[in-house]
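# A structural walkthrough
What follows is the residue order along each chain.
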Amino acid sequence: MSSTLTPHALVIRSADRHIWPGAEVRSRQSFAATGNSDFIGNAFGLLLVHNDDVVAPGEGFDMHQHRDVEIVSWIIDGRVRHRDSDGRDLLLTPGMSQHVSAGSGVRHSEVNANGFTSGRSLRVIQVWLPPDRTGTTPRHAEADFSAALAAGGFVTVAVGPDREGDDDAHLRDDTASPTAPSPLRTGTTGAVFRVAHMTPGETLTATDGEAPYVHVFVATGEVTVGGPASAQLTGDSGSGAGTTLSEGDAVRLTGAGALTLTASAPSEVLVWEMDRRADEPAPAA
């Protein structure tokens, strides 16, 4: 629980991320992933990978394999063409999320659906999580959260497995939309993913402080950090008071209490709340 952790909050600026400067795919990595063999050791909470990828028109990743990893993708701009070993061929657009539970092994390709002559890049966030169980049957799922996001507030996009006795009260969903799709169900217990589209001057609670580990990422726009957790912030400002996060900036919070965000521009904010570290076992089913 958060009460057993020393409160701490660290700002990671966009410019400080690891960059894989490919000509076709420019990957801005909050956790250095390219050539990395120690995902668990470099993780924060349950996040093994948090890549912010810009993909050139018509480019992307050809068929490749994953095994025993939970993958959540969030589309910021452009269109992803997804094909997989189950024979599915579909398009993912902004406001959509996809979950892939690789399990015993899955092959898929992800490319910018806008052709070479379009001149339009794709921007997508991809997160990797450790599964509760290995060797499971692979599965995919997608959902469109655009309407729910337009209604305002944080929208719950992905949560862990649906287990008997789950208390979903902590799956706080502030959206005013009564028709928000059900969150995607990953194979990682204790990880909750929320997104909000904020308007200038709007203030939202990013986390109520219950989750021991919280990762906040500003995909677009600019927000100012407030609430009790802001006093724990460290980074280039030296103080949480009035700390501003811009596009590509993130803050990692450990047992740090509540956090509010106030937008000074139209902003898209992605929040992961997690109950443990990646090297800790999942709770028993």
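What you see is a predicted model; the values in this text were computed from it and never measured. (Residues numbered from 1 in each chain as written. Predicted model: local features only at pLDDT ≥ 70, side-chain atom pairs only at ≥ 80, totals over all residues. Heavy atoms only, no water.)

### Some details on the overall build of the protein
Short version of the rule: Helix and strand assignments come from DSSP, with helices taken as H or I runs of at least 4 residues and strands as E runs of at least 2, each series counted from the N terminus. Burial classes follow relative accessibility: with a 1.4 Å probe on protein chains only, a residue under 20% of its type's maximum area counts as buried, one over 50% as exposed, and anything between as partly exposed. In what follows, a contact means two residues having at least one pair of non-hydrogen atoms within 4.5 Å. Here, Shrake-Rupley sampling with a 1.4 Å probe gives the accessible areas, and only protein chains in the shown set may cover a residue.
Looking only at helices and strands, the protein has 1 helix and 23 strands in total. Relative to its 285 residues, the protein shows a buried fraction of 51%. Nonlocal contacts in the protein, meaning residues at least 24 apart in sequence, comprise 81% of its contacts between residues at least 6 apart. Counting every atom, the protein has about 11900 Å² of accessible surface; 50% of that belongs to carbon and sulfur.

### Quick look at the pattern of salt bridges
Rule in force here: The working definition used for a salt bridge is a side-chain nitrogen of Lys or Arg within 4 Å of a carboxyl oxygen of Asp or Glu.
If you walk through the whole model with that rule in mind, you get 11 salt bridges. Note that Asp249 and Arg13 form a salt bridge whose closest N and O atoms lie 2.8 Å from each other. Taken together, the residues Asp249 in the loop between strand S20 (244-246) and strand S21 (250-254) and Arg13 in the loop between strand S1 (8-12) and strand S2 (18-21) connect sequence positions 236 residues apart. Taken individually, Asp249 and Arg13 each receive the classification buried, so the pair is uniform in this respect. Across the pair Asp52 and Arg28 runs a salt bridge, and its minimum N-O distance is 3.2 Å. Of the two residues, Asp52 is situated in strand S4 (residues 49-55) and Arg28 in strand S3 (residues 25-29); the sequence distance between them amounts to 24 residues.

### What about the side chain of Gln98?
As a reminder of what qualifies: Two N or O atoms count as a polar contact when they lie within 3.5 Å, although within protein this holds only if one can serve as hydrogen donor and the other as acceptor, and sequence-adjacent residues are included solely when both atoms are side-chain atoms.
Take Gln98: it is sitting in strand S9 (residues 96-101). With relative accessibility at 3%, the residue Gln98 sits in the buried group. Here the side chain of Gln98 touches Glu142 through a polar contact of 3.1 Å, side chain to side chain. Once you skip the residues sitting within four places of it in the chain, Gln98 turns out to touch Ile71, Val72, Ser73, His82, Arg88, Leu90, Leu92, Ala141, Glu142 and Leu184.

### Let's talk about the UniProt feature "binding site: Fe cation" (unreviewed entry) in the protein
Quick reminder of the rule: UniProt positions are given in the numbering used here, feature names are shortened, and annotations may be inferred rather than shown by experiment.
Under the present numbering, the feature "binding site: Fe cation" (unreviewed entry) in UniProt falls on His64, His66, His108 and Glu110. Note that His66 resides in strand S5 (residues 60-66).

### Quick word on the sheet that holds S4
Stated precisely, the cut-off is as follows: Whether two strands pair depends on DSSP finding at least two bridges between them. Axis definition: a line fitted to C-alpha atoms, over the contacting stretch in the case of helices. Angles run 0 to 180 degrees between N-to-C directions.
Taken in spatial order, the 7 strands line up as S2-S3-S4-S11-S6-S9-S12 in an open sheet, and their pairing is antiparallel. This sheet does not close on itself; its edge strands, each paired only once, are S2 and strand S12 (139-144). Taken pair by pair, the neighbouring strands of this sheet meet at an average axis angle of 20°, ignoring direction. Sheet analysis places strand S6 (residues 70-77) next to S9, joined by 5 bridges and oriented antiparallel. Of the residues in S9, the one forming a bridge with Val72 is His99.

### Structural notes on the environment of Ala282
Position of Ala282 among the secondary structure elements: in the segment after strand S23 (267-274). In this structure the C-alpha to C-alpha distance between Ala282 and Asp132, which are 150 residues apart in sequence, comes to 5.6 Å. Apart from residues no more than four positions distant in its own chain, Ala282 is found in contact with Asp132 and Arg276.

### A few points about empty space enclosed by the protein
The test is simple: Buriedness of a pocket was judged along seven lines, with at least five required to meet protein on both sides within 12 Å; pockets are open sets of points on a 1 Å grid over the protein atoms alone, cavities are sets where a 1.4 Å probe fits but cannot get out, and lining residues have an atom within 4 Å of a point. Grid points are joined across faces, edges and corners, and a volume is the space filled by probe spheres set on the points. Basically, the charged four are Asp, Glu, Lys and Arg, the nonpolar ten are Ala, Val, Leu, Ile, Met, Phe, Trp, Tyr, Cys and Pro, and anything else, Gly included, counts as polar.
For the structure shown, the criterion picks out 1 cavity of 30 Å³ or more. Estimated volume of the largest cavity: approximately 40 Å³. Lining the largest cavity we find His50, Val72, Ser73, Trp74, Ile125, Val127, Phe193, Leu270 and Trp272. Per-element tally for the lining of the largest cavity: the top contributor is S6, with 3 residues. Taken together, the residues of the lining of the largest cavity break down into 7 nonpolar, 2 polar and no charged.

### Remarks on the packing of aromatic side chains
Any pair of aromatic rings gets described here by the distance separating the centres and the angle formed by the planes. Note the threshold: Aromatic pairing here means that ring centres of Phe, Tyr or Trp (its six-membered ring) are within 6.5 Å. Orientation follows from the plane angle: under 30 degrees is stacked, over 60 is edge-to-face, and everything else is tilted.
In total, this model carries 5 aromatic pairs according to the counting rule given. Taking the centre distance of 5.6 Å and the plane angle of 45° together, the rings of Phe39 and Trp128 count as tilted. Of this pair, Phe39 sits in the loop between S3 and S4 while Trp128 sits in strand S11 (residues 122-129), and the two are 89 residues apart along the sequence. Relative accessible area serves as the criterion here: at 22%, Phe39 is assigned to the partly exposed category. Relative to Phe145, the ring of Trp74 has its centre 6.4 Å away and its plane inclined at 40°; by these criteria the two rings are tilted. With Trp74 in strand S6 and Phe145 in the loop between S12 and helix H1 (146-151), this residue pair connects regions lying 71 residues apart in the sequence. The pair formed by Trp74 and Phe145 is uniform in burial state, with each residue classed as buried. Through a chain of ring-to-ring contacts, the aromatic side chains of Trp74, Phe145, Phe193 and Trp272 assemble into a single cluster.

### Some thoughts on the confidence of the model for the protein
Short version of the rule: Scored between 0 and 100, pLDDT is the confidence that the predictor attaches to each residue.
Chain-level pLDDT for the protein is 84 on average; 83% of the residues reach the 70-or-more range. Here residues 164-173 scores under 50 on pLDDT; set against residues more than four positions off or in separate chains, the count is 19 contacts.

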